[in-house]
Amino acid sequence: MQRIRLRYTKRGRLRFTSHRDFQRAFERALRRAEVPMAYSAGFTPHPKVSYANAAPTGTGSEAEYLEIALTEHRDPDELRELLDESLPGGLDITDAVQARTSGLADRLTASVWELRLDGVPVEDAEKAVSGFLSAETVEVERRTKNGMRTFDARGAVAELQALHLQADRSGDGPCAILRLVVRHVTPAVRPDDVLSGLRAVADLAPPVPAAVTRLAQGLFDEESGTVTDPLAPDREAVLAATPTAAGTAAATAPEGPAA
């Protein structure tokens, strides 16, 4: 059995698709591309697809991950192209690698988010960010299936900063961009929880809903404060297992006559 790990996106209007919607679209793409999927046992077999830490409905993402199990070997790059062609635009397969290590989900310990706050001056966003980061705890409420729950949104935030737009937006009104790095903890702290915290500590209330996009997710490096590529260990393992051309030539060259 071969395992392939894929990175995919949710862009544009497709950010409003639920995780279940994506599952249905992806399984249709598997059938269209005639991928030799492995199936679970039992009375209702399902293709072996493992989804990891899907983004909330309504948020865009450049870094969603899943793993599939195949009964026949396929080239990861060719498989990526076939699946990408079989999915609607906006749900794009951007990377594929053969799984050579265990625990993909264990390497998704943090996410990098971008929050676009139209109608909010950068100066107001900077003041709110300063107030949020200086607080020891920031309690927020969120409705769950078990009712309202109160939890701390501050502890999971590793980085939060307000950025100025690089492009010229003259005449478009103010717009602040927040860059957020949040650790994956329990209960999960989402970008909308951080926005609730900014409202609680600094009365920051964007006039329109924030446009939220996940830029990356992976293992959080405490020393550098960066989020690393979770597929990098698999790429490194594939390269380590691939003999060099010189080594292959030496191994297959016929021996010369004995002296």
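Please refer to the structure higher up on the page.
What you see is a predicted model; the values in this text were computed from it and never measured.

## With respect to the environment of Glu 85
Next up, step 1: Mapping Glu 85 onto the fold places it in helix H2 (residues 76–86).
Next up, step 2: As for Glu 85 and Ala 33, which are separated by 52 residues in sequence, their C-alpha atoms are 8.5 Å apart.

## Some words on unusual backbone geometry
Next up, step 1: The residue after Thr 186, namely Pro 187, is reached through a cis peptide bond having omega 0°.
Next up, step 2: Here the phi dihedral of Asn 53 falls at roughly 55°; this positive angle occurs in a residue that is not glycine.
Next up, step 3: Phi angles above zero are rare outside glycine, and Asp 203 is one such case at about 55°.
Next up, step 4: In this structure, Asp 203 sits in the loop between helix H4 (191–202) and strand S10 (211–218).

## A few points about the pattern of salt bridges
Next up, step 1: Applying the stated criterion across every chain, the model contains 16 salt bridges.
Next up, step 2: One salt bridge in this structure joins Asp 95 and Arg 235, with 2.0 Å as the shortest N-O distance. Here Arg 235 lies in helix H5 (residues 232–241) and Asp 95 lies in strand S4 (residues 93–98), a separation of 140 residues in the sequence.
Next up, step 3: In this structure, Glu 114 and Arg 179 form a salt bridge, with 3.7 Å as the shortest nitrogen-oxygen distance. One end of the pair, Glu 114, is in strand S5 (residues 110–118); the other, Arg 179, is in strand S9 (residues 175–183), and 65 residues separate them in sequence.
Next up, step 4: With relative accessibility at 26%, the residue Glu 114 sits in the partly exposed group.

## Overview of the side chain of Ser 111
Next up, step 1: In this structure, Ser 111 sits in strand S5.
Next up, step 2: Here Ser 111 falls in the buried class, since its relative accessible area comes to 1%.
Next up, step 3: Polar contacts involving the side chain of Ser 111 include one to the side chain of Arg 214, which spans 2.9 Å.
Next up, step 4: Contacts of Ser 111, omitting those with residues within four sequence positions, involve Asn 53, Leu 180, Val 181, Val 182, His 184, Arg 214, Ala 216 and Gln 217.

What counts, and where the lines are drawn
Residues numbered from 1 in each chain as written. Predicted model: local features only at pLDDT ≥ 70, side-chain atom pairs only at ≥ 80, totals over all residues. Heavy atoms only, no water. Helix = DSSP H or I, 4+ residues; strand = E, 2+ residues; numbered from the N terminus. Salt bridge = Lys/Arg side-chain N within 4 Å of Asp/Glu carboxyl O. Buried < 20%, exposed > 50% of the residue type's maximum accessible area, 1.4 Å probe, protein only. Polar contact = N/O pair within 3.5 Å; in protein donor to acceptor, adjacent residues only side chain to side chain. Contact = heavy atoms within 4.5 Å.

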